[in-house]
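# Reading the structure
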Amino acid sequence: MKIGFMQFSPLLGDALGTMKAIKRLLSGCAGVDLLVLPELCNSGYNFTSYEQAWDTSEAIEGGPFIAFLESKCSSHNMHIVSGLNERDGDVLYNSAVLIGPNGYIGTYRKLHLFLNERDFFQPGNAGLPVFDIGSCTLGMLVCFDWIFPEVWRILALKGAEIICHPSNLVLPGFAQRAIPIHALFNRVYVVTANRIGTEEELTFTGVSIIADPRGDILAQASRAKEEVVVREIHIALARDKMMTPRNHVLNDRRPQEYALLTENAIVKR
Ligand code: ACM
């Protein structure tokens with residue numbers, strides 16, 4: 001199975017320009033099974049007003065960016081996970097969508113909003129779904145979700161073998177250090193597709209990553225260049241959860257000792 005990321009710079013408020021860039025970058029993607037694109041691909045990230053966030057959003061049903069991805073997945077016989085500024089009724093979600101050769105499959109809505117995202121988006125209300133696409137089972141997280149180990153673990157417990165992670169990272173290098181560790185802890189593949197470029201005061205940090213279930217980095221992009229990088233993977237490695245012949249990383253947990261993790265306690269210092 002061939003999986004990869006598209007690292008590039010989605011254009012703020014110019015979905016047509018972004019689609020043109022994706023089309024150009026997809027031209028080298030023959031034979032790729034699963035490609036991950038950055039966060040908020042249809043809109044850009046650093047909105048200056050709620051109106052701008054609203055005007056650049058789209059509904060899953062009938063949305064032009066979704067229709068574009070559907071046509072590309074069909075013509076390339078591939079799956080794509082992309083960040084989407086999603087409109088649902090009168091609210092917005094910072095979402096990731098999964099599209100396949102036969103069209104739209106499913107959505108994850110970002111649970112952990114970063115900085116000013118709280119001014120535009122509602123926190124996700126659709127849980128942590130996983131999707132069986134035949135060749136593998138995959139889950140999705142979005143950018144700042146990276147710092148919450150709970151969500152990675154839940155996706156692994158639900159059977160995710162690949163976690164797709166559209167991102168617009170701005171903190172210097174922290175997520176890129178954590179991603180291989182999440183992959184190792186859960187013995188899954190992770191594809192983090194980070195964007196590049198700047199929007200006003202924000203510079204996005206690139207260095208998109210593919211990590212394997214041993215925590216090894218299979219691919220790491222540059223900090224500032226457009227890149228599509230693809231690697232051949234062996235999904236059986238993500239199905240083997242044994243760290244030693246007697247230690248299964250999921251079944252050896254002691255959840256009876258972890259009750260605090262599900263309490264909504266505010267931690268003071
Ligand atoms: C982020 O969550 N976009 C940093």
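These figures come from a predicted structure and were not determined experimentally.

## Some remarks on helix α1 (residues 15–26)
Because an α-helix packs 3.6 residues into every turn, residues spaced three or four apart end up facing the same way. A rise of 1.5 Å per residue sets the reference length of α1, with its twelve residues, at 16 Å; its end C-alpha atoms lie 16 Å apart and thus fit the reference within 8%. Where α1 is buried, its residues touch β1 (2–7), β2 (34–36), α3 (64–76) and β14 (227–232).

## Describing the sheet that holds strand β9 (residues 189–194)
Taken in spatial order, the six strands make up an open sheet running β6-β7-β8-β9-β12-β13, and their pairing is mixed. The sheet is open, and its two borders are formed by β6 (130–132) and β13 (217–220), each paired with just one other strand. Pairwise comparison of adjacent strand axes, ignoring direction, gives a mean angle of 15 degrees for this sheet. Of the strand pairs in this sheet, β9 and strand β12 (residues 209–211) are connected by three bridges, and their pairing is antiparallel. Note that in β12 the partner of V191 across the bridge is I210. The strands touched by helix α4 (residues 149–157) within the sheet are β6, β7 (137–140), β8 (162–167) and β9, with β8 carrying the most contacts at an inclination of about 145 degrees.

## Observations regarding the sheet that holds β2
Spatial strand order, β5-β4-β3-β2-β1-β14: six strands in an open sheet with mixed pairing. Whereas interior strands pair on both sides, the edge strands pair on one side only; in this sheet they are β5 (103–109) and β14. Put simply, the sheet's adjacent strands are angled 30 degrees from each other on average, direction ignored. Of the strand pairs in this sheet, strand β3 (residues 79–88) and strand β4 (residues 91–100) are connected by nine bridges, and their pairing is antiparallel. Bridge assignment links D88 to a residue of β4, and that residue is V91.

## Some details on the side chain of R195
Turning to its location among the elements, R195 is positioned in the loop between β9 and β10 (198–199). Overall, R195 belongs to the buried group, its relative accessible area being 1%. Among the polar contacts listed, one links the side chain of R195 to the side chain of S9, at a separation of 2.9 Å. At 3.4 Å, the side chain of R195 forms a polar contact with the backbone oxygen of P10.

## Structural notes on the nonpolar core
Generally speaking, a soluble globular protein has its nonpolar side chains buried in company with each other. Among the nonpolar cores identified, the biggest contains 61 residues, and I3, V81, L138, M140 and I162 are the most heavily contacted of them. Residues contacting I162, with those up to four places away along its chain left out, are M1, I3, L34, C136, T137, L138, G139, Y189, V191, I233 and I235. F8, I66, L69 and I99 belong to the second-largest nonpolar core, a separate cluster that totals 23 residues.

Parameters and conventions
- Residues numbered from 1 in each chain as written.
- Predicted model: local features only at pLDDT ≥ 70, side-chain atom pairs only at ≥ 80, totals over all residues.
- Heavy atoms only, no water.
- Helix = DSSP H or I, 4+ residues; strand = E, 2+ residues; numbered from the N terminus.
- Expected span 1.5 Å × (residues − 1).
- Contact = heavy atoms within 4.5 Å.
- Pairing = 2+ DSSP bridges.
- Axes fitted to C-alpha atoms, helices over the stretch in contact; angles between N-to-C directions.
- Buried < 20%, exposed > 50% of the residue type's maximum accessible area, 1.4 Å probe, protein only.
- Polar contact = N/O pair within 3.5 Å; in protein donor to acceptor, adjacent residues only side chain to side chain.
- Core = buried A, V, L, I, M, F, W, Y, C linked by side-chain atoms within 4.5 Å.

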